[in-house]
Amino acid sequence: MRFARREIPVEDGLLLVPGEDLFYYTSGRHPRFPVVMFDHTVNPFSPEEIQRMAFARNIRWLIVKKDLQVNGEPVEDKARLLALLLQDFHLVQNLGIYDIYRREK
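Being a predicted model, the structure only gives us computed values, none of them experimental. (Residues numbered from 1 in each chain as written. Predicted model: local features only at pLDDT ≥ 70, side-chain atom pairs only at ≥ 80, totals over all residues. Heavy atoms only, no water.)

Participant: Could you clarify how one ought to interpret the side chain of aspartate 99 in this entry?
Facilitator: Residue position: aspartate 99 is located in strand β4 (residues 98-103). Residue aspartate 99 is classed as buried on the basis of its relative accessible area of 12%. Reaching out from aspartate 99, the side chain makes a polar contact with the side chain of lysine 66 at a distance of 3.3 Å. Once residues lying within four places of it in the same chain are set aside, the contact partners of aspartate 99 are Leu62, Ile63, Val64, Lys66, Leu91, Gln93 and Asn94. (Helix = DSSP H or I, 4+ residues; strand = E, 2+ residues; numbered from the N terminus. Buried < 20%, exposed > 50% of the residue type's maximum accessible area, 1.4 Å probe, protein only. Polar contact = N/O pair within 3.5 Å; in protein donor to acceptor, adjacent residues only side chain to side chain. Contact = heavy atoms within 4.5 Å.)

Right, here's the structure in full:
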């Protein structure tokens, strides 16, 4: 939260993988993406659709949580999703369990 408050402008769109719905509540930000949790039970979009929507909605920041509290991987085809997104996003900071990426305009 401190990094987001300090480094990520409030008007910039974010994409959190696998998702942290509490992030929006805690930070007072509003999601620009139609899915806030990329769990296979609630995410209807393919990795390609997610990539297109991230660009169309001007998502500038990608936050990837690496150490999950759930057993197993909730994101369907996570490797392909991240491979597609990381074509446009570049690592800015590693915060232990989070990798923070930014897309240039």
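Participant: I'm lost on the nonpolar core in this one. Help?
Facilitator: Side chains of a nonpolar character, in soluble globular proteins, are inclined to be buried together. By size, the foremost hydrophobic cluster in this structure holds 17 residues, and its most contacted members are Leu15, Val17, Phe33, Phe38, Leu62 and Leu85. Those elements giving two or more residues to this core turn out to be β1 (13-17), α3 (47-56), β2 (59-65) and α4 (78-85). In terms of nonpolar packing, the next biggest core, distinct from the first, is built from 10 residues, Phe3, Ile8, Leu14 and Phe23 among them. (Core = buried A, V, L, I, M, F, W, Y, C linked by side-chain atoms within 4.5 Å.)

Participant: Any chance you could explain the environment of threonine 26 here in plain terms?
Facilitator: Positionally, threonine 26 belongs in helix α2 (residues 21-27). Residues threonine 26 and lysine 65, spaced 39 residues apart in sequence, show a C-alpha to C-alpha distance of 17 Å.

Participant: Honestly, the packing of α3 against α4 in this entry has me stumped. Any pointers?
Facilitator: When two helices pack together, you describe them by how their axes are tilted relative to each other and by the distance separating the axes. Packing of α3 against α4 brings their axes to within 9 Å, and their N-to-C directions diverge by 30 degrees. The orientation of α3 relative to α4 falls into the category roughly parallel. As α3 packs across α4, the resulting crossing turns out to be right-handed. Here Pro47, Glu48, Ile50, Gln51 and Ala54 of α3 lie close against α4, whose contacting residues are Arg80, Leu81, Leu84 and Leu85. Of the residues in the contact of α3 with α4, the class split is 6 nonpolar, 1 polar and 2 charged. (Axes fitted to C-alpha atoms, helices over the stretch in contact; angles between N-to-C directions. Parallel < 35°, antiparallel > 145°, perpendicular 65-115°, else oblique. Left-handed = near helix turned anticlockwise from the far one by under 90°. Nonpolar A, V, L, I, M, F, W, Y, C, P; charged D, E, K, R; others polar.)

Participant: I keep staring at the sheet that holds strand β3 (residues 89-94) and nothing clicks. Help me out?
Facilitator: Whenever strands of a sheet pair, they do so through backbone hydrogen bonds, lying parallel or antiparallel. Strand order in this open sheet of 4 strands is β1-β2-β4-β3, and the pairing throughout is mixed. The open sheet has two edge strands with one neighbour each: β1 and β3. Pairs of neighbouring strands in the sheet enclose a mean axial angle of 25 degrees, with direction left out of account. Of the pairings in the sheet, the one linking β1 to β2 comprises 5 bridges and is parallel in character. Across the sheet, the residue bridging to leucine 14 is tryptophan 61, located in β2. (Pairing = 2+ DSSP bridges.)

Participant: Can you walk me through the pattern of salt bridges in this structure?
Facilitator: A pair can form between side chains of opposite charge whenever their charged atoms are brought close. In the structure shown here, the tally under the stated rule is 6 salt bridges. Of the charged contacts in the structure, one is a salt bridge between glutamate 7 and arginine 6, with a shortest N-O distance of 3.2 Å. Owing to a relative accessible area of 57%, arginine 6 belongs among the exposed residues under this scheme. We note a salt bridge from lysine 66 to aspartate 99, for which the minimum N-O separation is 3.3 Å. Placement of lysine 66 in the loop between β2 and α4 and of aspartate 99 in strand β4 is noted, with a sequence separation of 33 residues between them. (Salt bridge = Lys/Arg side-chain N within 4 Å of Asp/Glu carboxyl O.)

Honestly, it's all geometry; don't read function into it.
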